[in-house]
Amino acid sequence: MNRRNALQTLTTMIALPWLSACSRASDTGAAAAPAGAKTASSKIVRLNRPAAAWRDQVSPAAYRVLFEEDTEPSFSSPLDKEKRDGTFVCAACHLPLFDSAHKFDSGTGWPSFTQPIAGHIGTKKDFKLILPRTEYHCARCGGHQGHVFDDGPPPRGERWCNNGVALAFVPKGQPLPALRS
């Protein structure tokens, strides 16, 4: 390895923790609504509840994904094959996150959507795999849902790749569950 490559590598290793800290400080709070989309009349209020308080309300697997930012194994969730009309809600606080009209089969083994419900998702940069990714979470309870990628279908080109255990499905015609506090 020559001196130039060694210096570039060293500079990158020093800068990554700083970039990660900066990205956490610049949390966007909510995903941008598509042009012309209707947004909710009231802003989602973030719950001031510690992650441990959710432990008794979700499964152990859901807790690991939602509040420890784990990832479930691909092809393990029945929600990946869910094709009925309805709404996908956060498994912890029950905030509606996705409409089934925006679900598609990405072939990745995780439920994927072309867009979330406007204002119900927050995003931040994630450097856990060195290269930056956009992580998203429930805007109400902060539960980790998944990552958004730019390889989705037209017209938006987005793939909101979600952990199935972080969601619950409510078929069309059934009432949405009450929001948990």
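Throughout what follows, the structure given in this document is the object of discussion. In this text, all values refer to a predicted model and were calculated from it rather than measured experimentally. (Residues numbered from 1 in each chain as written. Predicted model: local features only at pLDDT ≥ 70, side-chain atom pairs only at ≥ 80, totals over all residues. Heavy atoms only, no water.)

1. Comments concerning the pattern of salt bridges
For the coordinates displayed, the defined rule picks out five salt bridges. We note a salt bridge from D70 to R64, for which the minimum N-O separation is 3.9 Å. On the accessibility criterion, D70 (35% relative accessible area) is partly exposed. By relative accessible area, R64 is classed as partly exposed at 38%. (Salt bridge = Lys/Arg side-chain N within 4 Å of Asp/Glu carboxyl O. Buried < 20%, exposed > 50% of the residue type's maximum accessible area, 1.4 Å probe, protein only.)

2. A few points about the side chain of Q145
In this fold, Q145 is placed in strand β7 (residues 144–149). In this view, Q145 contacts L66, C90, L97, Y136, H137, C138, C161, N162, N163, A166 and L167; residues no more than four positions away in its chain are not counted. (Helix = DSSP H or I, 4+ residues; strand = E, 2+ residues; numbered from the N terminus. Contact = heavy atoms within 4.5 Å.)

3. A word on unusual backbone geometry
The omega angle of the peptide bond from P154 to P155 is 5°, so this bond is cis rather than trans. Its location among the elements puts P155 in the loop between β7 and β8 (159–162). With a phi close to 55°, E69 is a non-glycine residue in the positive phi region. Within the element layout of this structure, E69 appears in the loop between α2 (60–68) and β1 (86–90). Residue class for E69 comes out partly exposed when judged on its relative accessible area of 28%. Unlike most non-glycine residues, F75 shows phi in positive territory, near 65°. Note that F75 resides in the loop between α2 and β1. Residue F75 is classed as exposed on the basis of its relative accessible area, which comes to 55%.

4. Comments concerning the sheet that holds β8
Taken in spatial order, the six strands line up as β3-β4-β8-β7-β6-β5 in an open sheet, and their pairing is antiparallel. What marks the edges here is a single partner per strand, and that holds for β3 (103–104) and β5 (121–126). Bridging between β3 and strand β4 (residues 112–113) involves two bridges; their strand directions are antiparallel. Bridge pairing in β4 links F104 to S112. (Pairing = 2+ DSSP bridges.)

5. Points about the side chain of R140
Tracing the backbone shows R140 in the loop between β6 (133–138) and β7. Within the structure, the side chain of R140 is placed 2.5 Å from the backbone oxygen of R180, a separation counted as a polar contact. Among all residues touching R140, those that are not within four sequence positions of it are I44, V45, R46, L47, C93, L95, L179, R180 and S181. (Polar contact = N/O pair within 3.5 Å; in protein donor to acceptor, adjacent residues only side chain to side chain.)

6. Quick look at the sheet that holds β1
Read from one edge of the open sheet, three strands run β2-β1-β9, paired in antiparallel fashion. Each edge of the open sheet is held by one strand with a lone partner, namely β2 (96–99) and β9 (167–171). Along the sheet, successive strands turn relative to each other by an average axial angle of 30°, direction set aside. Two elements, β1 and β2, share three bridges in a ladder whose sense is antiparallel. The residue of β2 that forms the bridge with F88 is F98. (Axes fitted to C-alpha atoms, helices over the stretch in contact; angles between N-to-C directions.)

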